[in-house]
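# Working through the structure, step by step
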Amino acid sequence: MSAPLPPIGAIDRAPATLLDELRALINLAAPLVGANLVQMAVYAIDVIFVARLNPVDFAAATLGVFLYSVVLWAMLGLTTACAPIIAAELGQRRHAVREVRRSFRMALWLSVIGGLPCLVLLANGESVLRLVGQDPQVAARAGQFLHVLLIALIPSIAAGVMRTVAAALGRPGWALVVTLMALGSALLGNWALVFGHLGLPALGLIGSAIASVVTTLAMLLAFMAILLLDPRLKRFRLFGRWWRPEWPRLAQIFKLGLPIAIGFTLEGSLFGGAAVLMGLISVTAVAAHAIALNIAAIAFQIPLGIAQAATIRVGMAYGARDPGWMAHAGWCAIMLGTGVMALTASAIWFAPSLFVNAYLDLNAPANAQTIPLALNYLMIAAMFQLFDGAQVVLAGALRGLQDTRMPMVIAGFGYWVVGFGTACLLGFGLHWEGVGIWVGLAAGLLAVSAMLLWRWVGRERLGLVVG
């Protein structure tokens, strides 16, 4: 016989010790980290299949996915702001079923309301890419690619909301299960549609877009089934009265989520801007930058999952009005995130060739210029791993306190004034080129992490903690 489910609205309680909190955090974060890493593999599959097409289609897919990802990431920041609100509602243990359902419903509404203007932007992707000076042929193909891929946008945002709510309600493992399913779907879909297998036509670039749409719809349906059938989750009746508006709650999610969306965009655009600067140096510098950045992005998925868990744990403590629990939850996440990144940084520092070899043949003469640059950039990436891990976990902990506006301002100043400014100064003013650009990225991450740490340490003085 299975163990009885906890009472609704009492999913968790303040841990007795710091070790108990760390254990609860790891239990919540581990499947989220796994899901993030598997999601990176899903993206890699798309790249691997499209890369086997012609260079124009590969460039079109790269630009199209970049534009789509910027929009999606911003919308996920906007809508998954329901996570700290739901966590606080659970921490309060007052009418949790009704309040959680309202937050979930309005987050889904916001997925549609906010997603519709984004569809217009993506539908005009060719014009956007032409406006920023991209090759007309590549822009045209990217526009065709986006015309199909945009179908996945709103379902992908909604699936993100469902994943977040499932985790907040104590079922983070489903995120990993669904993402593993998505990995299989992406592999099969690309294999069948890009090159034509299983009796299907070879659709090339458009086939990859269709595979992404099918995978996204499958994820959405899977999460819907989980929310309806999982014994713990179905008692919240999350899809009940889905047509009924709760305008104050929608406004609350929007007010909390808009700064998160802007902050995500500021961070993502910094690395996009760095790629543009690399393009002013050489094609080789762009290739080396892409390799180093991809390796750093894979490592980043670990503190990102910890940050997602930190938002929920700190949010529950915030709702319970327990400053001690808030401190335990936040510091456990910060220590865990920076500790893990210290390990990944050490691995990159002491064996950078091992990582680069996964992307390039170290002995191939054609890679002779790219490899030294990639190794140099990776050494700097190893140094900023700690800052990158710290800033994302600190931001997650502050979101648990429903503090998002000032972190947005910090992101704007740290990433673009300190980070991009330093990259331009060192890269071109002092002629450090790519190394200077990467030092600029590190400087931006250091500045943001330091300012967020100052805000977290001073949370009581700044009035962020309600006791």
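Heads up: these notes are all about the structure in this document. Small disclaimer: the values here were computed from a predicted structure and weren't measured.

The rules behind each value
Residues numbered from 1 in each chain as written. Predicted model: local features only at pLDDT ≥ 70, side-chain atom pairs only at ≥ 80, totals over all residues. Heavy atoms only, no water. Helix = DSSP H or I, 4+ residues; strand = E, 2+ residues; numbered from the N terminus. Rg over C-alpha atoms; globule rule 2.2 N^0.38 Å. Buried < 20%, exposed > 50% of the residue type's maximum accessible area, 1.4 Å probe, protein only. Contact = heavy atoms within 4.5 Å. Phe/Tyr/Trp six-rings, centres within 6.5 Å; stacked < 30°, edge-to-face > 60°. Lys NZ or Arg CZ within 6 Å of the ring centre and 35° of its normal. Core = buried A, V, L, I, M, F, W, Y, C linked by side-chain atoms within 4.5 Å. Salt bridge = Lys/Arg side-chain N within 4 Å of Asp/Glu carboxyl O. Patch = residues over 30% accessible without salt bridge, like charges linked within 9 Å, V, L, I, M, F, W, Y side chains within 5 Å. Areas by Shrake-Rupley, 256 points an atom, 1.4 Å probe, with all protein chains shown as cover. Axes fitted to C-alpha atoms, helices over the stretch in contact; angles between N-to-C directions. Parallel < 35°, antiparallel > 145°, perpendicular 65-115°, else oblique. Left-handed = near helix turned anticlockwise from the far one by under 90°. Nonpolar A, V, L, I, M, F, W, Y, C, P; charged D, E, K, R; others polar. Polar contact = N/O pair within 3.5 Å; in protein donor to acceptor, adjacent residues only side chain to side chain. Expected span 1.5 Å × (residues − 1). Arc of directions from axis to C-beta.

## Focus: the overall build of the chain
Helix and strand counts for the chain stand at 16 helices and zero strands. For a compact globule of 467 residues, the expected C-alpha radius of gyration is about 23 Å, and the chain comes in at 22 Å, within 12% of that figure. Along the three orthogonal principal directions, the C-alpha set of the chain runs to about 65 × 55 × 45 Å. Scored against the burial criterion, the 467 residues of the chain give a buried share of 52%. Taking all contacts inside the chain whose residues are at least 6 apart in sequence as the whole, residues at least 24 apart take part in 82%.

## Brief notes about the packing of aromatic side chains
Per the stated rule, a full pass over the model turns up nine aromatic pairs. Centre to centre, the rings of Trp 242 and Trp 243 are 6.0 Å apart; their planes meet at 85 degrees, and the pair counts as edge-to-face. Ring geometry for Tyr 377 against Trp 438: centres 5.9 Å apart, planes inclined by 5 degrees, an arrangement best described as stacked. Residue Tyr 377 is found in helix α14 (residues 370–400), and its partner Trp 438 is found in helix α16 (residues 433–457); the two are separated by 61 residues along the sequence. A network of ring pairs unites the aromatic residues Tyr 377, Phe 384 and Trp 438 as a single cluster. When the ring centre of Trp 456 is taken as reference, the NZ or CZ atom of Arg 459 above it lies at 4.2 Å.

## Let's talk about the nonpolar core
Of all hydrophobic cores here, the largest spans 139 residues; its most connected members are Leu 153, Leu 169 and Trp 438. The element that contributes the greatest number of residues to this core is helix α11 (residues 283–319), accounting for 16 residues. With five residues, the next largest nonpolar core counts Val 42, Ile 45, Phe 49 and Ala 186 among its residues.

## Describing the pattern of salt bridges
Taken as a whole and assessed by the stated rule, the structure comprises twelve salt bridges. Arg 141 is the partner of Asp 57 in a salt bridge, and the nearest nitrogen-oxygen pair spans 2.8 Å. Of this pair, Asp 57 sits in helix α2 (residues 55–79) while Arg 141 sits in helix α6 (residues 136–149), placing them 84 residues apart in sequence. Given a relative accessible area of 23%, Arg 141 falls into the partly exposed group. Each of Glu 89, Glu 99, Arg 102, Arg 105, Arg 244, Glu 246 and Arg 249 takes part in a single network of salt bridges with overlapping partners.

## A look at a nonpolar patch on the surface
There is a patch of nonpolar side chains on the surface, built from Leu 18, Trp 331, Met 335, Leu 453 and Val 457 and spanning about 430 Å² of accessible area. Mapped onto the nonpolar patch, the elements with two or more residues apiece are α12 (323–350) and α16. Relative to the elements of secondary structure, Trp 331 occurs in helix α12. Residue Trp 331 is classed as partly exposed on the basis of its relative accessible area of 31%.

## What about the side chain of Ser 212?
Here Ser 212 shows up in helix α9 (residues 204–229). Overall, the relative accessible area of 16% leaves Ser 212 in the buried class. In contact with Ser 212, not counting residues within four places along its chain, are Asp 46, Leu 149 and Ala 152.

## Some thoughts on the packing of helix α10 (residues 247–279) against α14
Where α10 meets α14, the axes come as close as 12 Å, and the angle between the chain directions of the two elements is 165 degrees. With respect to α14, the element α10 is oriented roughly antiparallel. Regarding α10 and α14, the two cross each other, and that crossing is right-handed. Across the interface between the two elements, Ile 260, Phe 264, Glu 267 and Met 278 from α10 touch Tyr 377, Asp 388, Gln 391 and Arg 399 from α14. Within the contact of α10 with α14, the residues separate by chemical class into four nonpolar, one polar and three charged.

## A closer look at the environment of Asp 322
Mapped onto the elements, Asp 322 comes out in the loop between α11 and α12. Among all residues touching Asp 322, those that are not within four sequence positions of it are Ala 14 and Ala 317. A polar contact is formed between the side chain of Asp 322 and the backbone nitrogen of Trp 325, at a distance of 3.0 Å.

## Some thoughts on helix α8 (residues 173–194)
Helix length check: α8 (22 residues) gives 31 Å between terminal C-alpha atoms against 32 Å at 1.5 Å per residue, within 8%. Buried within α8 are the following residues: Ala 175, Val 178, Thr 179, Ala 182, Ala 186, Gly 189, Asn 190, Ala 192, Leu 193 and Val 194. Down the axis of α8, the smallest arc covering the buried residues is 160 degrees, so these residues share one side. In this structure, the buried residues of α8 make contact with α1 (18–50), α7 (153–168) and α9. Phi turns positive, to about 85 degrees, at Gly 196, one or two residues after α8.

## Details of the side chain of Glu 89
Summarising the element assignment, Glu 89 is placed in helix α3 (residues 82–92). At 2.7 Å, the side chain of Glu 89 and the side chain of Arg 249 are in polar contact.

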